[in-house]
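Survey of secondary and tertiary structure
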Amino acid sequence: MRQLGARMNGGPAGRPVTGLLAAVMASGLALAGCTTIPTSSSPEVVRSVPQGASSVAPRPNISPAPGLGPYDIVNDFLGAGVDADAGHSTARQFLTTAAARKWQDEPTVIVDETRVGDPIISGSTATVVVTGRRVGQLDASGVYTPTLKGMGTGDEEPFTYTLTRVAGQWRIDQLGTGVLISQSEFAATYRARRIYFFNSAGSILVPDLRYTPLEGQSLATWLLQQLLAGPRPELAQSVTNEVPDQVGKPSVQIGDPVTVEIPGSQNLDVTSRNGLAAQLAFTLGQAQFAELRLTDGGKIVQVPQVQRDAFSAVDFASNSPDNAIPGASVYFVRDGAVYDDTGTPLKSPLGLPARDLASVAVRRSGNVLEAAGVTVTGKLVAGDENRLSPIALPAAPQSRPEWAPQGDEIWVGVGSHGAIYRLVSGQRPRPVSVTNQTGGAPNGAVTAIRFSPDGARVAMVIRTPGGPGAVWVGSVVTSGSDVRIDSLELETPPRLSVSDLTWADPTKLLLIAAAPGAQAQLWDMLSDGSQLAPQSSVGLPGAPTAITAALQQNPVVSAGGDIFELSNGSWDNLGKSKLAVPGTNPCYAP
């Protein structure tokens, strides 16, 4: 970590600090065997931005003490930059008047460690160079962008600070834009927050991840500002926002109830008022767990769904993105047939080895089990448990199929050029249009494709020719009968080889991936590429080959030809059986 104790340790020598990445790589990822999937945060192992504790302890006020040298001024300036007070006013005390006026405090740059070098002093000026490997950064709205180089840290970068004397005291006169913060300080101070919007169907809230160190009233104000500003650009065409166009002064005041002034909200129709209240309840509930009261011009706005003056997220439970699927069950493939979570073949044609299935995706529609599968010869078949029909697709390798969360459709990756096909009941398969910042889909085989529970995002593993598999996340845009994937973005570093993935919840992905020189194991990360960390392999006989998960259900993998589920930090036979449960390619289905 940054050497805040330098003055007690003998002076400002340059402090090269070995990062966590080097320690993990040197030990062959030995930490992986003793970590578990957390419920609220991830251990900082390789490139992680943990959500942190439920509250952030107040930091002591930092201000420049008289007589500090250039090293200590820069060192303490970095410490003050951790506090995101109004315009980083605390940190600006370490700048000259002119520099404080011009300095732009965005973005927030996260490095593995801040290494403060020895000052070079020449008369009344001094230069201090701080170095670090960039892990990621935040923009002004708290959107995180990971560094995608190596295993998630960039090259050593210099950050130069020029100081001058002001009334006999050293102050920073020239510096780059943004705040520099170490990974450990970021993990201890910032938390992942969710800004909620609705999916295109207007039925489920979609969380948009942002990071901030703020708490209490400051957090509530910040959350409302982000909601008013709308979703991140990548989600803009996949979600809807019921916040009316603003001509007045929206505000939020912490209390019981929390009072939210939204000009124009009184004029919204019934559906929009209900939707706005749901967005406010889930978003602002992170600042204070209390009921909310919506006002317009100081007058209470009635929310039709609630029919009382105050409301909370409980009143909109049906819109929660965290609602578990009732009765979700695990299915898997053994010798070409489909088995259930008791290790019993299905009592239907799906349970017969003659089906010759290599992978399957199933869902329940009423009393009928619908299925889509890929045979060992690479053919897509779809139908129900009684009859599967071949689907005409280009002759090429196919991914495990996936049912879309909303709608009667199956998606599958086909071939080695990033092609994805969408099969709607009663229609011919259609290729799905894919766009990213550099054009269309990356050139590579889509070996896995999974929808987020809300259906607004899709995560894929794409393996480029001759290269490793990588995770790409895009937004699902629906326009009439047309569906496309927009803003597809790479989320994993190039030296991590990913083979499969699944969504654990609306913001967390579980991956099967291998670091250089190590066998594949379970990793997790958030959907914006943050919090990438290896997880427990305790109980597995070898590298996992496929994974599935569902809301509030244990993750399930196939490994060594058997099926395992994660429970209390270790992997056990599916269903806690004392005997091995042979099988591959597990999947959850309602």
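1. Brief notes about the overall build of the protein chain
Each helix and strand counted, the protein chain has seven helices and 39 strands in total. Looking at the protein chain residue by residue over its 590 residues, the buried ones come to 55%. In the protein chain, 57% of the contacts between residues at least 6 apart in sequence involve partners at least 24 apart. For the protein chain, the computed accessible surface area is about 23,800 Å², with 52% contributed by carbon and sulfur atoms.

2. Topic: the nonpolar core
Judged by nonpolar contacts, the single largest core of 38 residues is most densely connected at V260, L280, L284, F311 and F316. Top contributing element to this core by residue count: helix α7 (residues 270–284), with seven residues. Apart from the residues within four sequence positions on either side, L280 is in contact with L224, L227, V260, I262, G285, L292 and L294. Y71, L95, V128 and Y161 belong to the second largest nonpolar core, which has 27 residues in total.

3. Brief notes about the packing of aromatic side chains
Applying the stated criterion to the full structure yields nine aromatic pairs. Geometrically, the ring pair formed by F77 and Y161 is edge-to-face, given 5.9 Å between the ring centres and 65° between the ring planes. Taken together, the residues F77 in helix α2 (residues 70–81) and Y161 in strand β6 (residues 156–166) connect sequence positions 84 residues apart. Residue classification places F77 among the buried positions, given a relative accessible area of 4%. On the basis of relative accessibility, which here comes to 6%, the residue Y161 falls in the buried class. By way of ring pairs, the aromatic residues Y144, F186, Y190 and Y211 are connected into one cluster. When the ring centre of Y339 is taken as origin, the NZ or CZ atom of R334, which lies over that ring, is 4.1 Å away.

4. Structural notes on α2
An ideal rise of 1.5 Å per residue puts 16 Å on twelve residues; α2 measures up with 17 Å between its terminal C-alpha atoms. Among the twelve residues of α2, twelve are classified as buried, and the element is accordingly described as predominantly covered. Listed as buried for α2 are P70, Y71, D72, I73, V74, N75, D76, F77, L78, G79, A80 and G81.

5. Examining the pairing of strand β33 (residues 521–526)
Within β33, six of the six residues are buried, leaving the element largely enclosed by the surrounding structure. In this sheet, β33 lies alongside strand β32 (residues 508–514) in antiparallel orientation, the contact comprising six bridges. Bridge assignment links A513 to a residue of β33, and that residue is Q521. Across two bridges, β33 lies against strand β34 (residues 533–534) in antiparallel orientation. Paired with W523 across the two strands is P534, which belongs to β34. If you look at the hairpin formed by β33 and β34, you'll find six residues sitting between the two strands, and G529 has a positive phi there, around 90°.

6. A closer look at the side chain of S558
For S558, the position within the fold is in strand β36 (residues 556–559). The exposure class of S558 is buried, given its relative accessible area of 1%. Of the polar contacts made by the side chain of S558, one reaches the side chain of T545; its length is 2.7 Å. When neighbours within four sequence positions are excluded, S558 is seen to be in contact with P544, T545, A546, I563, G583, T584, N585 and P586.

7. Notes on the sheet that holds strand β13 (residues 258–261)
Taking strand neighbours across the sheet as the criterion, the four strands line up as β12-β13-β14-β15 in an open arrangement whose pairing is mixed. Unpaired on one side and paired on the other, β12 (251–253) and β15 (299–300) mark the two borders of the sheet. By the bridge criterion, two bridges tie strand β14 (residues 292–296) to β15 in an arrangement that is antiparallel. Residue pairing for β15: T295 is matched across the bridge by I300. With respect to the sheet, helix α6 (residues 216–229) is in contact with β12 and β13, its orientation differing from that of β12 by roughly 155°.

8. Considering the environment of A371
Mapped onto the secondary structure, A371 falls in strand β19 (residues 368–375). Excluding residues that lie within four positions of it along the chain, A371 makes contacts with L350, V360, A361, V362, V381, A382, G383, D384, L388 and W403.

9. Considering the sheet that holds β33
The strand order β31-β32-β33-β34 describes an open sheet built from four strands, whose pairing is antiparallel. Strands at the two margins of the open sheet, each flanked by one partner only, are β31 (497–503) and β34.

10. Observations regarding the confidence of the model for the protein chain
Residues at a pLDDT of 70 or more form 90% of the protein chain, whose mean pLDDT is 88. Here residues 1–58 is modelled with pLDDT under 50, and outside its nearest four sequence neighbours on either side it reaches 146 contacts, counting other chains as well.

11. Let's talk about the packing of α6 against α7
One can describe the packing of α6 onto α7 by two numbers: an axis separation of 10 Å at closest approach and a directional angle of 140°. Here α6 is positioned oblique relative to α7, judged by the angle of their axes. You can see that α6 and α7 cross each other, and the crossing is right-handed. Listed contacts from α7 to A220, L223, L224 and L227 of α6 are Q279, L280, T283 and L284. Residues of the contact of α6 with α7, tallied by class, amount to six nonpolar, two polar and no charged.

12. A short note on the environment of G440
Looking at where G440 falls in the secondary structure, it is placed in the loop between β26 (433–436) and β27 (445–451). Distance from G440 to S487, taken between C-alpha atoms, is 9.5 Å for residues 47 residues apart in sequence. Among residues more than four places away in sequence, those in contact with G440 are V434 and T435.

13. Some details on the environment of R165
Mapped onto the secondary structure, R165 falls in strand β6. Taking the C-alpha atoms as reference, R165 lies 6.8 Å from T125; in sequence the two are 40 residues apart. If sequence neighbours within four positions are ignored, R165 has contacts with S124 and W170. One polar contact links the side chain of R165 to the main-chain carbonyl oxygen of G168, over a distance of 3.5 Å.

So, how was this worked out
- Residues numbered from 1 in each chain as written.
- Predicted model: local features only at pLDDT ≥ 70, side-chain atom pairs only at ≥ 80, totals over all residues.
- Heavy atoms only, no water.
- Helix = DSSP H or I, 4+ residues; strand = E, 2+ residues; numbered from the N terminus.
- Buried < 20%, exposed > 50% of the residue type's maximum accessible area, 1.4 Å probe, protein only.
- Contact = heavy atoms within 4.5 Å.
- Areas by Shrake-Rupley, 256 points an atom, 1.4 Å probe, with all protein chains shown as cover.
- Core = buried A, V, L, I, M, F, W, Y, C linked by side-chain atoms within 4.5 Å.
- Phe/Tyr/Trp six-rings, centres within 6.5 Å; stacked < 30°, edge-to-face > 60°.
- Lys NZ or Arg CZ within 6 Å of the ring centre and 35° of its normal.
- Expected span 1.5 Å × (residues − 1).
- Pairing = 2+ DSSP bridges.
- Polar contact = N/O pair within 3.5 Å; in protein donor to acceptor, adjacent residues only side chain to side chain.
- Axes fitted to C-alpha atoms, helices over the stretch in contact; angles between N-to-C directions.
- pLDDT = per-residue confidence, 0-100.
- Parallel < 35°, antiparallel > 145°, perpendicular 65-115°, else oblique.
- Left-handed = near helix turned anticlockwise from the far one by under 90°.
- Nonpolar A, V, L, I, M, F, W, Y, C, P; charged D, E, K, R; others polar.

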